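# Structure at a glance
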Amino acid sequence: MFAAIGIIVLLVMVFGGFAFTGGNLGPVMEALPHEMLIIGGAGLGALIIGNSSKELKALGSVMGKIFKGPKYNRQDYLDCIFLVSRLMKMLRTEGPVAVEPHIEDPASSSVFAEYPKLLKDTTLIHLIADTLRLVVVSSGTLDPNAVEDVMDNTIKNHVHHTEQPAETLQTLSDALPALGIVAAVLGVVKTMGSIDKPPAILGGMIGSALVGTFLGVLLSYGLVGPFANRAKQVIAADAAIYHVVKQIIVASLNGHPLPLVIEAARSGIEHSNQPSFAEVFDGMRGR
């Protein structure tokens, strides 16, 4: 939503400001499609050269994240805390045999089924199931610090791969001003081929060439660069729920009391989505 608003504000302020100060938008609008064809085509070609089809598809998905924003809200974090805490309580009170069916086939689990939105996040489900499977197989002899290291590496690896499309956008942003210069130089070459034309015509042709430089810089710093930055913000926000899972499991394995487990879970959640201690405590006691 805010991304769309930002694009509108950007275009209105740039082109509207130019027109308001007496600029003639006619030559700019006339040159824009041709310059966009060169710059956009060159940018697209560079993306194809530098990325596989898988990475290009991921680039499309990250654009959706930019406009939709983070996918998890306050209730989702609360549900995640309840889900993982319930599994850890089952492991502690009923033993590995009770937990094993749930982590071996989460899709058929009555516990996971209560949280359908979380169940759709395969990374989240694998993080929970794989970690608890490790605990079950080790018969409770694992060092909690070793479990934390494994989970940290899993989360880090996931975030690294998820951020690749954002890095691709940033690389494109860095290249666009230079591609704008390429378009401008081609415009100047075209102008030099018409050096015998009257000054008024030559002035218009040079102005059209300069639109290429303008467009490359505008696309870089006004659109693609901010897109890359926003994508990283959304990816980081979505990854916070994985840290919630880690904190609950590690705190529980360390044998910490319930209030400390709750605070460990809440500590990594952004304040706007952070459930209150009472919400979590009452919810966990009732389950």
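In case you missed it, the structure is sitting above this.
To keep things clear, this report deals only with the structure shown in the data block. (Residues numbered from 1 in each chain as written. Predicted model: local features only at pLDDT ≥ 70, side-chain atom pairs only at ≥ 80, totals over all residues. Heavy atoms only, no water.)

## Thoughts on the packing of aromatic side chains
Let me state the cut-off plainly: Centres within 6.5 Å make a pair out of two Phe, Tyr or Trp rings, where for Trp the six-membered ring is used; the pair is then stacked when the planes are under 30 degrees apart, edge-to-face when over 60, and tilted otherwise. Any residue under 20% of the maximum accessible area for its type is buried, any over 50% is exposed, and the rest in between are partly exposed; the area is computed with a 1.4 Å probe on protein chains only.
Evaluated as defined, the whole model comprises 3 aromatic pairs. Aromatic pair Tyr-72 and Tyr-77: ring centres 6.4 Å apart, planes at 65°, arrangement edge-to-face. Under the relative-accessibility criterion, Tyr-72 is labelled buried at 5%. On the accessibility criterion, Tyr-77 (3% relative accessible area) is buried.

## Quick word on the pattern of salt bridges
Rules: Salt bridge, as used here, is a side-chain nitrogen of Lys or Arg placed within 4 Å of a carboxyl oxygen of Asp or Glu. A helix here means a DSSP run of H or I that spans at least four residues, while a strand means a run of E at least two residues long, and both kinds are numbered starting from the N terminus.
Using the criterion set out here, one finds 10 salt bridges in the structure. In this structure, Asp-130 engages Arg-133 in a salt bridge whose closest nitrogen and oxygen atoms are separated by 2.7 Å. Separated by 3 residues within a single helix, Asp-130 and Arg-133 lie in helix 7 (residues 122-137), roughly one turn from each other. On the accessibility criterion, Arg-133 (26% relative accessible area) is partly exposed. Note that Lys-246 is salt-bridged to Asp-152, the shortest N-O span being 2.9 Å. On the criterion of sequence distance, the pair formed by Lys-246 in helix 10 (residues 199-253) and Asp-152 in helix 8 (residues 144-162) is long-range, its members being 94 residues apart. We classify Lys-246 as buried; its relative accessible area is 9%.

## Comments concerning the side chain of Thr-131
Keep this limit in mind: Contact definition: two residues touch when any of their heavy atoms are within 4.5 Å.
As for its position among the elements, Thr-131 is in helix 7. Setting aside residues no more than four positions away along its own chain, Thr-131 makes contact with His-126, Val-147, Met-151 and Ile-249.

## Examining the packing of helix 4 (residues 74-93) against helix 5 (residues 96-104)
Put simply, the test is: Inter-axis angles, ranging from 0 to 180 degrees, are taken between N-to-C directions of lines fitted to C-alpha atoms, where helices are fitted over the stretch in contact. Charged means Asp, Glu, Lys or Arg here, nonpolar means Ala, Val, Leu, Ile, Met, Phe, Trp, Tyr, Cys or Pro, and polar covers whatever is left, Gly included.
In contact at an axis separation of 7 Å, helix 4 and helix 5 are set at 145° when each is read in the N-to-C sense. Contact with helix 4, carried on its side by Leu-87, Met-90 and Leu-91, involves Pro-96, Ala-98, Val-99 and His-102 of helix 5 and no other residues of that element. Its residues assigned to classes, the contact of helix 4 with helix 5 comprises 6 nonpolar, 1 polar and no charged.

## Description of the environment of Ala-58
Tracing the sequence through the fold places Ala-58 in helix 3 (residues 53-68). We classify Ala-58 as partly exposed; its relative accessible area is 25%.

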